[in-house]
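# What the coordinates show
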Amino acid sequence: MSRPDPELRKDLIAYLRLNHPEMCRAWFDDIEPVDFEGGVLRLCVREPVQLRYLQRACMDPFKEAAQAVTGMLISVRFVSPEECEQPEPSELTMGHGRQKAVPRNEGIDLAAEQMVLSPDYVFDNFIVGPGNRLALMAASAVAEKPGRAYNPYFIHGGVGLGKTHLLQAICQLILADQPDANICYISCSTFMDLFHECVKAGRMQDFRHHFRTADVLVIDDIHFLSKHDRSQEEFFHTFNTLYQSGRQIVLSSDAAPAEIPDLEERLTSRFNCGLVARIERPCYETRVAILKAKALLHDLELPDDVPAYIAARLDTNIRELEGALSRIRGFALAENEPITLELAKKALADDPSRGGGVEGAAPSIQTIIESVTRYYDVKLTDLLSKRRHKSITVPRQICMWLARRHTRFSLEEIGGYFGGRDHTTVMHAIRAVNRRRDEDSSFSDALDRLETNVLGRVEI
Ligand code: ADP
Ligand code: MG
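Since the model is a prediction, treat every value here as computed from it, not as a measurement.

A word on helix α17 (residues 390-406). With 17 residues, α17 extends 24 Å from end C-alpha to end C-alpha; this agrees with the ideal 24 Å at 1.5 Å per step. Within α17, 14 of the 17 residues are buried, which leaves it mostly tucked inside the rest of the structure.

This is the structure we're talking about:
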């Protein structure tokens, strides 16, 4: 077994900071190359959560970096201090701790479907402000006394305001206190997918056992539960079992329980019987503090006027602030200049995400409006007006319904687009469209065509 060259770590991290800055974290400096054997470079980190982050999110960039700096076709493996002691096993798929690698050929592995916990999403990195104080205080109380402080604990708020961050912080604090706690942390859509896969595979017993024996059940984005889907019924029973035995349930959503259009009343009332906390948009001071904290986390030197400038310019959510920071960082790297206010201004001058919220391949509200106005032959100005004639309200409701299904905008934001309507109007619209879709097949066909069109698959 050969010891790696001591310079290797420095070169590796420098390569990653240059080529994959998004992924890098300040603690990367603590990664220790252990040995280099059989074409595999083993890298050790102390914290399990760091190890999981590296295993889940960093494998390919590290391999690329290792090959670039050594000039050899090698691969990398991340290991814990305990694993360092053991020689490198050949051809074994490694897992770590609770988040095991999926065993091959065994079908659905429920435990492997946990969401990965990011070492960044801990309480220490969460900046408090007037808009999130209650949500944060309740989250720490829940993490300190699972099942005894607030149960269920329900966090809601617009996109990019820190719901997932708080959910993960709760999981990580509980795990720090009780490493053996059986925490099921999963996204709502994975819960639904697993439900259907287990039904198909005849493995409902496993499904029930897995979720109903959790010490803590944490489900992100619960607003995706749909009453047209049998998983909502299953979730109801899971909820009851856990709740009755005093196990902690934590949920996040982009709307308050009563405002989730597709949620059955019996679930709404259960969600309301614990604590419901709303996260509001951050104020200017909080935005500045968050930008400074993020810069520190990513080892980025920012003169004071830069966070002030970004925070004054962008006020919707924190994901947008992070986007601006990485744009500025990319710009500084490309220009090979330090970050200054001038450079930040240039970097953000033609930022396409301003006023955004559009992510990945999701259609924009603009695309939705274009498809619907063309299909129904209505004018954009009518659609955005207060007019209530049926020829306008139906297309408007369909736009809201599509926006809700295919963009990450919150009910409030969608209402804002369509003539400054409030979220209850959007909820009403979604319910009306769902009802009519169930009853009227030609309407349902029209919706299908529109939906396919906004997803860019066909012309109408
Ligand atoms: P949501 O789940 O509400 O859509 P996230 O939890 O994913 O939002 O947050 C988006 C990003 O903003 C994450 O990188 C998160 O760390 C960051 N963030 C949100 N709120 C805060 C805060 N109060 N302090 C620091 N970072 C925050
Ligand atoms: Mg989230």
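Looking at the secondary structure, you find T238 in helix α9 (residues 231-244). Apart from residues no more than four positions distant in its own chain, T238 is found in contact with F191, F211, R212 and L217.

A side chain with one charge can pair with a side chain of the opposite charge if their charged atoms come near. Inspection of the entire model under this criterion finds 18 salt bridges. For R42, the salt bridge identified is with D35, shortest N-O distance 3.0 Å. In this structure, E264 and R266 form a salt bridge, with 2.8 Å as the shortest nitrogen-oxygen distance.

Attention now moves to unusual backbone geometry. Of note, the bond from N151 into P152 is cis; its omega dihedral lies within 30 degrees of zero at -5°. Among the secondary structure elements, P152 is positioned in the loop between α5 (133-144) and β4 (153-157). In this model, D221 sits at a positive phi of 60°, which is unusual for a non-glycine residue. With phi around 55°, D377 is a residue other than glycine that occupies positive phi space.

Right, let's talk about the site of ligand 1 for a bit. Close to ligand 1 lie 18 residues, the nearest being I127, G160, T164, H165 and E322. K163 is positioned such that a nitrogen or oxygen atom in its side chain is 2.8 Å from an oxygen atom of ligand 1. Calculation on ligand 1 without its partners gives an accessible area of 560 Å², and the protein chains cover 97% of this total. At the level of elements, α6 (163-177), α11 (284-297) and α13 (318-335) are the ones that each hand at least two residues to the shell around ligand 1. Grouping the amino acids of the shell around ligand 1 by side-chain chemistry returns seven nonpolar, seven polar and four charged.

Our focus in this paragraph is the sheet that holds strand β2 (residues 40-44). Sheet architecture is open: three strands sit in the order β1-β2-β3, paired in mixed fashion. For this open sheet the edge positions go to β1 (32-37) and β3 (75-79), each flanked by a neighbour on one side alone. This sheet shows a mean twist of 25° between the axes of neighbouring strands, independent of strand direction. With five bridges joining them, β1 and β2 adopt antiparallel strand pairing. Note that in β2 the partner of D35 across the bridge is R42.

Attention shifts here to the nonpolar core. Grouped together as the largest cluster of nonpolar side chains are 57 residues, with contacts concentrated most on I222 and F235. The element contributing the most residues to this core is α17, with eight residues. The two domains that each donate at least three residues to this core are domain 2 (112-279) and domain 4 (388-460). Those residues in contact with F235 that lie beyond four places of it in its chain are F191, L217, I219, I222, L225, L251, L267 and F271. Judged by nonpolar contacts, the second largest core, of 29 residues, contains A138, Y153, L175 and I279.

Here the domain parsing of the protein yields domain 1 (8-84), domain 2 (112-279), domain 3 (284-347) and domain 4 (388-460). Taking only C-alpha atoms, the centre of domain 3 and the centre of domain 4 are 36 Å apart.

For the pair helix α15 (residues 365-376) and α17, the least separation of the axes is 10 Å and the interaxial angle reads 145°. Pair α15 / α17 crosses with right-handed handedness. Within the contact between the two elements, α15 uses I365, I368, I369, V372 and Y376 and α17 uses P395, I398, C399, L402 and A403. When grouped by side-chain class, the residues that make up the contact of α15 with α17 number 10 nonpolar, no polar and no charged.

With the rule as written, the count across this model stands at 16 aromatic pairs. Residues F239 and F271 carry aromatic rings whose centres are separated by 5.8 Å and whose planes lie at 55° to one another, so their mutual orientation is tilted. Linking F239 in helix α9 with F271 in helix α10 (residues 265-271), this pair joins segments that are 32 residues apart in sequence. Residues F239 and F271 agree in their burial class; the two are buried. Here the aromatic cluster, defined as three or more aromatic residues joined through ring pairs, consists of F154, F191, F195, F207, F211, F235, F239, Y243 and F271.

Conventions and cut-offs
Residues numbered from 1 in each chain as written. Chains lettered and ligands numbered in written order. Predicted model: local features only at pLDDT ≥ 70, side-chain atom pairs only at ≥ 80, totals over all residues. Heavy atoms only, no water. Helix = DSSP H or I, 4+ residues; strand = E, 2+ residues; numbered from the N terminus. Expected span 1.5 Å × (residues − 1). Buried < 20%, exposed > 50% of the residue type's maximum accessible area, 1.4 Å probe, protein only. Contact = heavy atoms within 4.5 Å. Salt bridge = Lys/Arg side-chain N within 4 Å of Asp/Glu carboxyl O. Near = heavy atom within 4 Å. Polar contact = N/O pair within 3.5 Å; in protein donor to acceptor, adjacent residues only side chain to side chain. Areas by Shrake-Rupley, 256 points an atom, 1.4 Å probe, with all protein chains shown as cover. Nonpolar A, V, L, I, M, F, W, Y, C, P; charged D, E, K, R; others polar. Pairing = 2+ DSSP bridges. Axes fitted to C-alpha atoms, helices over the stretch in contact; angles between N-to-C directions. Core = buried A, V, L, I, M, F, W, Y, C linked by side-chain atoms within 4.5 Å. Domains from an automatic or database assignment. Left-handed = near helix turned anticlockwise from the far one by under 90°. Phe/Tyr/Trp six-rings, centres within 6.5 Å; stacked < 30°, edge-to-face > 60°.

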